Amino acid sequence: MTNRITISDASRHVGETVTIPGWLHNIRKSGKIVFPILRDGTGLMQCVAVKSALPEETFETLKHLTQESSIILTGRIREEARAAGGFELDVESLEVIQKVSEEDPYPITPKEHGTEFLMSKRHLWLRSQRQNAIIRVRHEIIKSVRDYFDNHGFTLVDTPIFTPAACEGTTTLFECDYFEDEKAYLTQSGQLYNEANAMAFGKVYCFGPTFRAEKSKTRRHLTEFWMVEPEMAYADLEEVKRVAEEMVCYVVGRVLEHKREELKVLERDVTKLEAVLQGPFIRMSYDEAVKNLQANGSEIQWGSDFGGGDETILTKQFDRPMLVDRFPTAIKAFYMAPDPAREEVALGVDVLAPEGYGEIIGGGQRIHDPELLLKRIHEHNLPPEAFDWYIDLRKYGTVPHGGFGMGIERAVAWICGLEHVRETIAFPRMIYTLRP
RNA sequence: UCCGCAGUAGCUCAACGGUAGAGCAUUCGGCUGUUAACCGAAGGGUUGUAGGUUCGAAUCCUACCUGCGGAGCCA
């Protein structure tokens, strides 16, 4: 018969006696009155326990509780301007599920800690308000990405994690020895399968984990990350760009609409996110981008890819994301369609997030001409027999098509305004980081 | 793999060739409106590891280990 609620619902239970199961986030003591801060995963609630209003044993037990002890508090909810959340619970009774030992107290104290230490306690760090807010924003981003595609005629067709060969030749792959006759690798993109699926369903997307065995140690890289990849039949580069822009705007709008509190916890400057929706994204060709960079002090030459600093120089000039297209064919994947008007550039596009965040999306139009595809496979020294099914797609009713991939963690880092992608996923996997 | 920076109490840091210290956390005491509460006291250390220089090393030198940042590659 207990009136069990969550802290996020407190405003609807003012004046009621309720029960909230949770954990002791912190406690402040002042003689005969104590203020336990209860955490239940949905928020924080300041509670008040007055010695004179409680049995001696209850008060003493509460007073000596340690941080993160699991407790169930029962009391009356009251509006209270002095409490952080605007509501307060007058404690009437207390059930202790477990008191955390004084000899081995909760390691994450309400003071400063370094990232190295916090990462080693990632399983506990997730309980903090800030980490909680990031993961909740991540959830909203993923949900809105799915909603966007679901509402625009895309069918979810997930692609395999085990693959027989590299989707894109250069990057290193994780090997797996289980399968008979040949080695398997963890996927680094669902794109090739997506193309088959697009010919079967028209518009598709896949959403799943991706693995890159790169020796990268930067704030933008994870070894295991999540990617959403739409692919559309009868679509050209312009359509790919249109969909990418519309989707990003939808996602940013949804986060602004539903996750204001979380953005506040993260101290995110929401005007920066609102600016994203104020007008069309900046459109720039690779040629223009190179000229822009050279004029701003970069040593980039036409023909090479952007360095990390280059993306920062470009994106800091605008308050909206940029669509940079028509990269040199030589630096792009074998399946990227060349511009018919200019063979040396490919119909590829990157979306660069503002404020220096850089690339969050890469994509473009694929080669649909069978002869050209075969030629490119040879030029890239790829074994044609490994791509026989992929070549089939060009033999049986080939059509212009394209799509893109968005890295979820990079999108989360940008929208949350984070320094490093490692905080955007509950248990990040990086080189040298497998635990916890 | 390469180039930088850093490892001192559970945590965040100080001491920079001459007795290892503070704040937080923990314990005890005080306080009926606290907001990373505050005030007083106590316990807590093989200074990342192994060598070397020196009368004496947390401090200087060498190697290694670990972490962080960057490059390449990418979402």
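Residues numbered from 1 in each chain as written. Chains lettered and ligands numbered in written order. Predicted model: local features only at pLDDT ≥ 70, side-chain atom pairs only at ≥ 80, totals over all residues.

### Overview of the overall build of chain A
For clarity, the threshold we go by: Secondary structure elements are taken from DSSP: a helix is a run of H or I of four residues or more, a strand is a run of E of two residues or more, and numbering for both begins at the N terminus. Counting other C-beta atoms within 10 Å of a residue's C-beta gives its exposure: the residue is buried at 20 or more, exposed at 12 or fewer, and partly exposed in between, where C-beta atoms are placed from the backbone. A pair of residues counts as a contact when their C-beta atoms, built from backbone coordinates, are separated by no more than 7 Å.
Helix and strand content of chain A: 13 helices and 18 strands. By principal-axis analysis of the C-alpha atoms, chain A measures approximately 85 × 55 × 40 Å. Counting all 436 residues of chain A, 34% fall into the buried class. A separation threshold of at least 6 residues defines the contact pool for chain A, and within that pool the share at least 24 residues apart is 66%.

### Brief notes about the pairing of strand β16 (residues 348–353)
We count it as follows: The criterion for strand pairing is that DSSP finds at least two bridges linking the strands in question.
Burial within β16 is extensive, with six of its six residues counted as buried. Side chains of β16 alternate between two faces, with G348, D350 and L352 and V349, V351 and A353 buried alike. For β16 and strand β17 (residues 358–365), the ladder comprises six bridges, and the chain directions are antiparallel. Within β17, the residue paired with D350 across the bridge is G362.

### Side note on the pairing of β17
Most of β17 sits out of view: six of its eight residues are buried. Remark: four residues form the turn of the hairpin made by β16 and β17, two consecutive strands paired antiparallel; E355 in that turn has positive phi of roughly 60°. With five bridges connecting them, β17 and strand β18 (residues 401–407) associate as antiparallel partners. Counted as the bridge partner of Q365 is G402 from β18.

### So, unusual backbone geometry
For E68, which is not glycine, the phi torsion reads 70° and is therefore positive. The class for E68 is buried, based on 20 C-beta atoms found within 10 Å. One non-glycine residue, Y234, adopts positive backbone phi at about 55°. The topology assignment puts Y234 in the loop between β11 (224–233) and α6 (237–258).

### Re the nonpolar core
Quick reminder of the rule: What we call a nonpolar core is a set of buried Ala, Val, Leu, Ile, Met, Phe, Trp, Tyr and Cys residues whose membership is set by joining through C-beta atoms within 7 Å.
Core analysis: the largest hydrophobic core is formed by 68 residues, its most contacted members being I141, V412 and I415. When residues in this core are grouped by element, the largest group, nine residues, is from α6. Residues within four places of V412 in sequence aside, it is in contact with I134, V137, R138, I141 and T424. Core analysis: the next-biggest nonpolar cluster, separate from the first, contains 19 residues, L24, M45, L62 and L94 among them.

### Things to note about the sheet that holds strand β10 (residues 203–211)
Which entries qualify depends on this criterion: The axes are straight lines fitted to the C-alpha atoms, using for helices just the contacting stretch, and the angles between their N-to-C directions are given from 0 to 180°.
Strand order in this open sheet of eight strands is β6-β10-β11-β18-β17-β16-β13-β12, and the pairing throughout is mixed. Two strands lie at the open edges of the sheet, namely β6 (155–156) and β12 (282–285), each paired on one side alone. Of the pairings in the sheet, the one linking β6 to β10 comprises two bridges and is parallel in character. Paired with T155 across the two strands is V204, which belongs to β10. Against the sheet, helix α5 (residues 191–201) contacts β6, β10, β11 and β18, and its axis sits at roughly 35° relative to β11. Across the face of the sheet, helix α9 (residues 286–295) comes into contact with β12 and β13 (322–325) while running at roughly 90° to β12.

### Considering the sheet that holds strand β4 (residues 70–79)
Strands sit in the order β1-β2-β3-β5-β4 around a closed barrel of five strands; the barrel is mixed. Going across the sheet, the axis of each strand differs from the next one's by a mean of 55°, ignoring polarity. This element, helix α1 (residues 56–63), spans β1 (17–30), β2 (33–39), β3 (44–50) and β5 (87–98) of the sheet and lies at about 85° to β5.

### Digging into the packing of helix α4 (residues 129–150) against α6
Formally: These descriptions rest on fixed angle ranges, namely under 35 degrees for roughly parallel, over 145 for roughly antiparallel, 65 to 115 for roughly perpendicular, and the rest for oblique. The sense of a crossing depends on the near helix, which, turned anticlockwise from the far helix by less than a right angle, makes the crossing left-handed and, turned clockwise, makes it right-handed.
Running from N to C, α4 and α6 point in directions that differ by 135°, and their axes come no closer than 9 Å. For the element pair α4 / α6, the angle class is oblique. Seen from above, α4 lies across α6 with right-handed handedness. Contacts between α4 and α6 pair V137, E140, I141, S144, V145 and Y148 from the former with M247, Y250, V251, R254, V255 and H258 from the latter.

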